[in-house]
Amino acid sequence: MLIHPWDAPRDDAEWQQWLSVHDFGQLAVNGLPGEAPYVQPLHFAYDAERLEAVTHLARPNPLWPALERNPVVLLSVVDDYAFIPGPWQAAPDGPSEHGTPTSVYAAVQLRCTAHVVDDPTDKAALLNRQMSHFQPEGGSARVATDEEPYGRMLAGIRGIRLEVTDVRAKFKYAEKKPTEVQDRIAAGLAARGGPRDTAALAVQRRRRGL
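Bear in mind the structure is a predicted one, so any value in this text is a computation, not a measurement. (Residues numbered from 1 in each chain as written. Predicted model: local features only at pLDDT ≥ 70, side-chain atom pairs only at ≥ 80, totals over all residues. Heavy atoms only, no water.)

1. Examining the overall build of the chain
- The number of helices and strands found in the chain is five helices and seven strands.
- The order of helices and strands in the chain, counted from the N terminus, is α-β-β-β-β-α-β-β-α-β-α-α.
- Seen along its three principal axes, the alpha-carbon backbone of the chain occupies a region of about 70 × 45 × 30 Å.
- Out of the 210 residues belonging to the chain, those deemed buried represent 40%.
- In the chain, once contacts between residues fewer than 6 apart in sequence are set aside, the share between residues at least 24 apart is 75%.
- Here the chain contributes 23 positive and 27 negative side-chain charges, whose respective centroids are spaced 4 Å apart. (Helix = DSSP H or I, 4+ residues; strand = E, 2+ residues; numbered from the N terminus. Buried < 20%, exposed > 50% of the residue type's maximum accessible area, 1.4 Å probe, protein only. Contact = heavy atoms within 4.5 Å. Lys, Arg positive; Asp, Glu negative; His and termini not counted. Charge placed at Lys NZ, Arg CZ, Asp CG, Glu CD.)

2. Quick notes on the sheet that holds strand S6 (residues 102-117)
- Within the open sheet, the seven strands sit side by side as S2-S1-S5-S6-S7-S4-S3. Their pairing is antiparallel. Of all the strands in the sheet, the pair left with one neighbour each is strand S2 (38-43) and strand S3 (45-47). On average, each strand axis in the sheet is inclined to that of its neighbour by 35°, with strand direction left out of account.
- Pairing geometry for strand S1 (residues 24-29) and S2, over six bridges, is antiparallel. By the bridge assignment for S2, phenylalanine 24 is matched with histidine 43.
- Helix H5 (residues 197-207) rests against strand S5 (72-84), S6 and strand S7 (157-172) of the sheet, and its axis sits at about 95° to S5. (Pairing = 2+ DSSP bridges. Axes fitted to C-alpha atoms, helices over the stretch in contact; angles between N-to-C directions.)

3. Here's the deal with helix H4 (residues 179-192)
- For H4, spanning 14 residues, the distance from its first C-alpha to its last is 20 Å, which sits close to the expected 20 Å at 1.5 Å a residue.
- For H4, the set of buried residues is Val181, Gln182, Ile185, Ala186, Gly188 and Leu189. One side of H4 carries all its buried residues, which in axial view fall inside an arc of 160°. Across from the buried face of H4, at angles greater than 90 degrees, the exposed residues are Thr179, Ala190 and Ala191.
- Positive phi shows up at glycine 193, right after H4, with a value of about 60°. (Expected span 1.5 Å × (residues − 1). Arc of directions from axis to C-beta.)

4. Some details on the packing of aromatic side chains
- The full count for this structure, using the stated rule, is two aromatic pairs.
- Ring geometry for tryptophan 18 against phenylalanine 171: centres 6.2 Å apart, planes inclined by 90°, an arrangement best described as edge-to-face. Of this pair, tryptophan 18 sits in helix H1 (residues 12-20) while phenylalanine 171 sits in strand S7, and the two are 153 residues apart along the sequence. Each member of the pair, tryptophan 18 as well as phenylalanine 171, carries the same accessibility label: buried. (Phe/Tyr/Trp six-rings, centres within 6.5 Å; stacked < 30°, edge-to-face > 60°.)

Here is the structure:
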């Protein structure tokens, strides 16, 4: 992923805060020799203090042999994206039809070492960490190895603890463009009001300090 200086996060806190509320991504695992990589969509819980993310998958998932052979993986998250029509990007002193279409988006890529969790007690603890993140209001039984309803289900899954070794983050929101162009993009997103335009506009405004 190419990251220009103007697209880089202001600091670690920026991408960490963004990731804390964007907790669905794709886990890319190197394929076995001669095979394509495995790319698994999944929910995860990121822990900034421990520098790790935790998740789990069904035991029959076909990626396990590849993951165990090479535990170096990439967790990729992309969101708050929108298509920007060419006229919105046109230079202030040029014709609107000469503007270049582009995309705006936020992306975080975590390079990780994956640790498979098979011990039932450890799996229960991992699942409770995920539950605390996604369902802090409670309402569901805690996971315990010897209790219903989840204890008997533990054999059907394997946990994954993703130890983060490197991070690449990008917030591509036309910040190199003149103020007039950035204002035009913001107005266009607000007026179009597409499914992701509001979120993209919010990130653009935050990055501009508005």
